[in-house]
Amino acid sequence: MLSQLNITNYALIDAVELQFHKGMTAITGETGSGKSILLGAFGLLLGERAESKAIKNENVKCIVEAVFDLKGYDLKPFFKENDLDYDAQTTIRREISPGGKSRAFINDTPVQLATLRALGNALVDIHSQHENSLLGQRAFQFETIDAFAGNAADRLQYTQLFEKYKSLKSELDHLLQNETKMRQELDYLKFQWTELENAALENIHQQGMEQELETLTHAEQIKSVLNGVITILDGENSSVIAQLNGAKSQLQKVTHFNSHLEDFFNRAQSNIIELRELAREIESYEANVMLDEKQVEVLNEKLSALYHLQQKHRMQSTEELIQLRNELEQKCGGFDNLDDKIEELKKRLNQSNTELELVAKKISDARRKAAALATREVKRYFEALSLEHAELQVDLAEASSFNEFGKDEIQFLFKANKGGNLLPIKQVASGGEISRVMLAIKASISRHKKLPVLILDEIDQGVSGEVGNKIGLILKEMSAQMQLLTITHLPQIAGKADNHLKVFKITTSQATSTMVEELAGEARINELAEMLSGKTLTKAALENARELLGN
């Protein structure tokens, strides 16, 4: 139940603090007085879009805050799921900064707008004039029949199963639609993998092969150079070693004079030994260098194949090709399981289909039983709303496939007069009839479902006189089951309310402001009389007002 509403710096409102009570509250005021501002404030609490132009004083923050008594609502799970502190007296607040930034709070904890919207929708149901068009929409029609059928728990279970079913079906459809393409891709991947596997990349040492090929290709030049070097180092005629031996012999003659000379001798001896070793190694290497045309051909083939793979895959090394081959092997393994994956998805989809069928049938059976009940109860309200000859029929048919509402199709058929044909309600009902049909449905649902705070915005649009009086009686009956706020222009309705709020404007030389005050006693009698006869309060109007209030 709504206990309190505080509005600060919103639209034409400077500051308003309103207390709300059980039962029915009428909200009245002249056209343009600002009744729609109250609806806008409630809209902010329900998560509607906030705009900086809604701020009256652009230098001050706008705040809309409401306190709700949650006793009787099963909302503790919501608070737990959203990690919020539960309080039987819960405050929800919306703030709009001068820059247009919006913030939302539940019990002073900042929350996302979606969280505020979810809680707000569980607490407040606003029915405005434009929502009469919902009557022809199948979502509203399903919600209506499910309220009569008590399908809330089954609908929740169905929604969860349906989301799982859609996900599985989408995945399977994607695999089946792309199966041919995927198999073609698998063939190509296997071809690439086979090509790399046959290359025996682990046995290829690219740098060594390239060096060996260079050596074999230039074997004659290498042998010629090496032989020349051997001759220089250790040839018969004036070789480096022979000359170094001569130098050593000369140094030997003077080594006994000082240690430096002996050191020169030893170094000469070491160099001779090293040069002889170098000459022997060069000679051995030269002996093994020979032109092998067959080996050159083999190396050229291997390197050419390797270069082709590197260029094809845009890679620089054998290690990169090995990594690519391993990745291709993993992909091919994944594709090889395609048939198994398709079969597994088919099994899971069949199981999901079976689960959905059971819940959908349970929902459908309950709907068909509830259809007659809904027709009877709405008919009772039709008679009270001067629609004695009107008829509403709930037409249910099995759908060809699952949809978000179950496995049914629904149509509300309506006729307003005797002898007419039942046709889709959005095609045949007039504006005044739609309002009354909607009221009849809301009133009927209130007997089967604990509705949140219900706010009706001019549900009496297009009616007057005795019909208005009957609407008032129905609203009074509904308010015994819920807290009901109704914006009305009819004194017959306002007079039946337990509480009465008046919205009005005050204009000064500087600004215009919207005010709201609670009426009681003579003030309320005067407001009803003014609604009956205008600004001039006649004795008859005042007497009529007292009569409406039962005074």
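Report follows, based on the coordinates. (Residues numbered from 1 in each chain as written. Predicted model: local features only at pLDDT ≥ 70, side-chain atom pairs only at ≥ 80, totals over all residues. Heavy atoms only, no water.)

1. Concerning the pairing of strand 12 (residues 453–457)
It is a general feature of regular strands that their side chains alternate between the two faces of the sheet. Along strand 12, five of the five residues are buried, which leaves the element largely enclosed by surrounding structure. Neither face of strand 12 is left uncovered, since the one carrying Val-453, Ile-455 and Asp-457 and the one carrying Leu-454 and Leu-456 both have all their residues buried. When strand 12 meets strand 13 (residues 484–487), the two strands line up parallel, connected through four bridges. In the sheet register, Ile-455 faces strand 13, and the bridge partner there is Leu-485. (Buried < 20%, exposed > 50% of the residue type's maximum accessible area, 1.4 Å probe, protein only. Helix = DSSP H or I, 4+ residues; strand = E, 2+ residues; numbered from the N terminus. Pairing = 2+ DSSP bridges.)

2. Description of the side chain of Ser-239
Mapped onto the elements of the fold, Ser-239 is located in the loop between helix 8 (219–234) and helix 9 (240–252). Looking at Ser-239, the relative accessible area reads 2%, which means it is buried. Of note is the side chain of Ser-239, whose polar atom sits 3.4 Å from the backbone oxygen of Gly-235. Of note is the side chain of Ser-239, whose polar atom sits 3.1 Å from the backbone nitrogen of Ala-242. (Polar contact = N/O pair within 3.5 Å; in protein donor to acceptor, adjacent residues only side chain to side chain.)

3. Examining the sheet that holds strand 11 (residues 423–424)
Reading across from one edge, 9-10-11 is the order of the three strands in this open sheet, with antiparallel pairing throughout. Here the strands that pair on one side only, and so sit at the sheet edges, are strand 9 (391–403) and strand 11. Taken strand by strand, helix 4 (residues 138–149) contacts strand 9 and strand 10 (406–415), and its axis lies near 95° from that of strand 10. Strands in contact with helix 5 (residues 152–177) are strand 9 and strand 10; relative to strand 9, the strand with the most contacts, it is inclined by about 35°. (Contact = heavy atoms within 4.5 Å. Axes fitted to C-alpha atoms, helices over the stretch in contact; angles between N-to-C directions.)

4. Side note on the side chain of Asn-6
Relative to the elements of secondary structure, Asn-6 occurs in strand 1 (residues 2–10). Setting aside anything within four residues of it in sequence, one finds Asn-6 in contact with Val-16, Glu-17, Leu-18, Ile-63, Val-64 and Glu-65.

5. Here's the deal with helix 13 (residues 338–384)
An α-helical turn contains 3.6 residues, so a residue and the one three or four places further along point in the same direction. The end-to-end C-alpha separation of helix 13 is 65 Å, in line with the 69 Å expected for 47 residues at 1.5 Å each. The axis of helix 13 is deflected most strongly, by about 30°, at Ala-370. Ser-386, located one to two residues past helix 13, shows a positive phi value of around 60°. (Expected span 1.5 Å × (residues − 1). Bend = angle between axes of the 7 residues up to and from the residue.)

6. Notes on helix 18 (residues 521–533)
The terminal C-alpha atoms of helix 18, which comprises 13 residues, lie 19 Å apart, in line with the 18 Å expected from a rise of 1.5 Å per residue. At its buried positions, helix 18 is contacted by strand 3 (24–28), helix 17 (491–494), strand 14 (499–507) and helix 19 (539–549). Two residues or fewer past helix 18, Gly-534 is found with a positive phi of approximately 95°.

7. Focus on a negative patch on the surface
A cluster of like negative charges, contributed by Glu-212, Asp-292, Glu-293, Glu-297 and Glu-301, occupies part of the molecular surface. The greatest single-element share of the negative patch, amounting to three residues, is contributed by helix 11 (residues 293–312). Note on placement: Asp-292 falls in the loop between helix 10 (259–288) and helix 11. Residue Asp-292 is classed as partly exposed on the basis of its relative accessible area, which comes to 34%. (Patch = residues over 30% accessible without salt bridge, like charges linked within 9 Å, V, L, I, M, F, W, Y side chains within 5 Å. Areas by Shrake-Rupley, 256 points an atom, 1.4 Å probe, with all protein chains shown as cover. Salt bridge = Lys/Arg side-chain N within 4 Å of Asp/Glu carboxyl O. Lys, Arg positive; Asp, Glu negative; His and termini not counted. Charge placed at Lys NZ, Arg CZ, Asp CG, Glu CD.)

8. Considering empty space enclosed by the protein
The method is simple in principle: a probe with the dimensions of a water molecule rolls over the atoms, and the space it marks as empty is what remains. Tallied over the full model, the rule gives one cavity of 30 Å³ or more. Looking at the largest cavity, the residues that line it are Thr-144, Ile-145, Phe-148, Ala-374, Val-378, Leu-392, Val-394, Phe-412 and Ile-441. Those elements giving two or more residues to the lining of the largest cavity turn out to be helix 4, helix 13 and strand 9. For the lining of the largest cavity, the leading source of residues is helix 4, giving three residues. Grouping the amino acids of the lining of the largest cavity by side-chain chemistry returns eight nonpolar, one polar and no charged. (1 Å grid on protein atoms, 1.4 Å probe; cavity = no way out; pocket = protein on both sides within 12 Å on 5 of 7 lines; lining within 4 Å. Points joined across faces, edges and corners; volume = space filled by probe spheres on them. Nonpolar A, V, L, I, M, F, W, Y, C, P; charged D, E, K, R; others polar.)

9. As for the pattern of salt bridges
Side chains that carry opposite charge are capable of pairing whenever their charged atoms lie near each other. Counted under the stated rule, the structure contains 28 salt bridges. For Lys-535, the salt bridge identified is with Glu-30, shortest N-O distance 2.6 Å. Of this pair, Lys-535 sits in the loop between helix 18 and helix 19 while Glu-30 sits in the loop between strand 3 and helix 1 (35–45), placing them 505 residues apart in sequence. Through salt bridges with shared partners, a single ionic network connects Lys-61, Glu-65, Arg-93, Glu-95 and Asp-108.

10. Side note on the packing of helix 5 against helix 13
Axis angle and axis distance: for two packed helices, these are the angle between their axes and the distance between the axes, and together they describe the pair. Put simply, helix 5 and helix 13 touch, their axes get as near as 9 Å, and they point 150° apart. Here helix 5 lies roughly antiparallel to helix 13, going by the angle between them. Crossing geometry of helix 5 relative to helix 13 is assigned as left-handed. Residues of the contact of helix 5 with helix 13, tallied by class, amount to 16 nonpolar, three polar and eleven charged. (Parallel < 35°, antiparallel > 145°, perpendicular 65-115°, else oblique. Left-handed = near helix turned anticlockwise from the far one by under 90°.)

11. As for the pairing of strand 9
Sheet topology places strand 9 next to strand 10; nine bridges connect them, and they run antiparallel. Each residue of the ladder has a partner; that of Asp-395, found in strand 10, is Gln-411.

12. Let's talk about the packing of aromatic side chains
Here the distance between the centres and the angle between the planes together describe a pair of aromatic rings. Tallied over the full model, the rule gives six aromatic pairs. Ring centres of Phe-78 and Phe-79 lie 5.9 Å apart, and the angle between their planes is 80°; this geometry places the pair in the edge-to-face category. Pair check on accessibility: Phe-78 and Phe-79 agree, each one buried. Clustering of aromatic rings is evident, with ring pairs tying together Phe-78, Phe-79 and Tyr-86. Arg-93 extends its terminal NZ or CZ atom over the ring of Phe-105, reaching a point 4.2 Å from the ring centre. Above the face of the Phe-402 ring, Lys-407 is positioned so that its terminal group lies 5.1 Å from the ring centre. (Phe/Tyr/Trp six-rings, centres within 6.5 Å; stacked < 30°, edge-to-face > 60°. Lys NZ or Arg CZ within 6 Å of the ring centre and 35° of its normal.)

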